[in-house]
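Here is what each chain is made of, one letter per residue.
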Amino acid sequence: MTDSTTPEREIAAHEVPEGAQRLDVIAQRSGMFGAHGSGDTSGFGGLTRTVVMPGESSRPFGSWFDEVYEILEEVLEEGGLDPSEVIEKAVVDRGEFTLHIAAEHIVAVCQALRDEQDLRFEFCIGVSGVHYPADVDRELHAVYHLLSLTHGGRVLRLEVSVPDSHPHIPSVVAVYPGNDWQERETWDLFGIVFDGHPGLARTAMPDDWVGHPQRKDYPLGGIPVEYKGATIPPADARRNYS
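Residues numbered from 1 in each chain as written. Predicted model: local features only at pLDDT ≥ 70, side-chain atom pairs only at ≥ 80, totals over all residues. Heavy atoms only, no water.

Details of the confidence of the model for the protein chain
Reasoning step 1: Mean pLDDT over the protein chain works out to 85, with 78% of the residues at or above the 70 mark.
Reasoning step 2: In the predicted structure, residues 16-20 sits below a pLDDT of 50 and forms 2 contacts with residues beyond four places in sequence or in another chain. (pLDDT = per-residue confidence, 0-100. Contact = heavy atoms within 4.5 Å.)

What to know about the sheet that holds strand 6 (residues 123-131)
Reasoning step 1: The sheet built from 5 strands is open, its strands ordered 4-5-8-7-6 with mixed pairing. On the outer flanks of this sheet lie strand 4 (87-93) and strand 6, each paired with one strand and no other. Each strand of the sheet is rotated relative to its neighbour by a mean of 20°, with strand direction disregarded.
Reasoning step 2: With 9 bridges connecting them, strand 7 (residues 140-148) and strand 8 (residues 154-162) associate as antiparallel partners. Within strand 8, the residue paired with Ser-148 across the bridge is Arg-154.
Reasoning step 3: This element, helix 3 (residues 106-115), spans strand 5 (96-101), strand 7 and strand 8 of the sheet and lies at about 170° to strand 8.
Reasoning step 4: Its contacts with the sheet place helix 4 (residues 179-190) against strand 6 and strand 7, and it is angled at close to 5° to strand 6. (Pairing = 2+ DSSP bridges. Helix = DSSP H or I, 4+ residues; strand = E, 2+ residues; numbered from the N terminus. Axes fitted to C-alpha atoms, helices over the stretch in contact; angles between N-to-C directions.)

So, the packing of aromatic side chains
Reasoning step 1: By the definition in use, this model includes 6 aromatic pairs.
Reasoning step 2: Arranged with centres 5.3 Å apart and planes meeting at 65°, the rings of Phe-61 and Tyr-69 form a pair that is edge-to-face. For the pair Phe-61 and Tyr-69, one class covers both residues: buried.
Reasoning step 3: On the basis of an interplanar angle of 45° and a centroid distance of 6.3 Å, the ring pair of Trp-64 and Phe-121 is categorised as tilted. Of the two residues, Trp-64 is situated in the loop between strand 3 (48-54) and helix 1 (65-78) and Phe-121 in the loop between helix 3 and strand 6; the sequence distance between them amounts to 57 residues. (Phe/Tyr/Trp six-rings, centres within 6.5 Å; stacked < 30°, edge-to-face > 60°. Buried < 20%, exposed > 50% of the residue type's maximum accessible area, 1.4 Å probe, protein only.)

Some words on a negative patch on the surface
Reasoning step 1: Taken together, Glu-70, Glu-74, Glu-77, Glu-78, Asp-82, Glu-85, Glu-104 and Asp-118 make up a surface patch of like negative charges.
Reasoning step 2: Considering every element that reaches the negative patch, the biggest residue donor is helix 1, with 4 residues.
Reasoning step 3: Counting through the fold element by element, Glu-85 comes out in helix 2 (residues 83-86). (Patch = residues over 30% accessible without salt bridge, like charges linked within 9 Å, V, L, I, M, F, W, Y side chains within 5 Å. Areas by Shrake-Rupley, 256 points an atom, 1.4 Å probe, with all protein chains shown as cover. Salt bridge = Lys/Arg side-chain N within 4 Å of Asp/Glu carboxyl O. Lys, Arg positive; Asp, Glu negative; His and termini not counted. Charge placed at Lys NZ, Arg CZ, Asp CG, Glu CD.)

Spelled out as structure tokens, the structure:
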């Protein structure tokens, strides 16, 4: 479970070409990994990078993206939903199509994408978490990859963003049962609570573990490790290159 599933980029300001797709700046990252408060042992403490996300794309999107978007809009309207309130934005970036979905509507969207004969995204490859501490009120992202076997292997990405203060997203296990384990793992490592999950429990960490280790505000090191009777100090206490 990593956070490499979203199209985050790190760039220097001079690297953005004139006329390029609009980019949303979400953070200024220092050091190699952006960790704060736990020491820098990488030797890159002076490195400063800008973290950006691709901004909203406008229609026509190209490829099969327009067809899927328009059919999904129709299905949502038939179900009594306003597509503009369900789909926050659509992003085309590096040949991938991402729909940002309002958290409360993720189940309805997945149901439509799975069941509508002209969409038929039958398989959810899984859900993973991402943590952007500087993305105010949208710090935690859940990313779903859907696959349509009926339509030749199309892959669609859904992304749901929630705040640290209320990290709740409805579970889609009723629509995609294979997400059972992935939702548990995303809860375990990122702290996203999937409401309605049949048994939301940790997968990697002990049940009494405090915190979620793949969040970017989780301390690096800090926990003494014992090995054959010897105590190894935590990483941030061993050496500092700054």
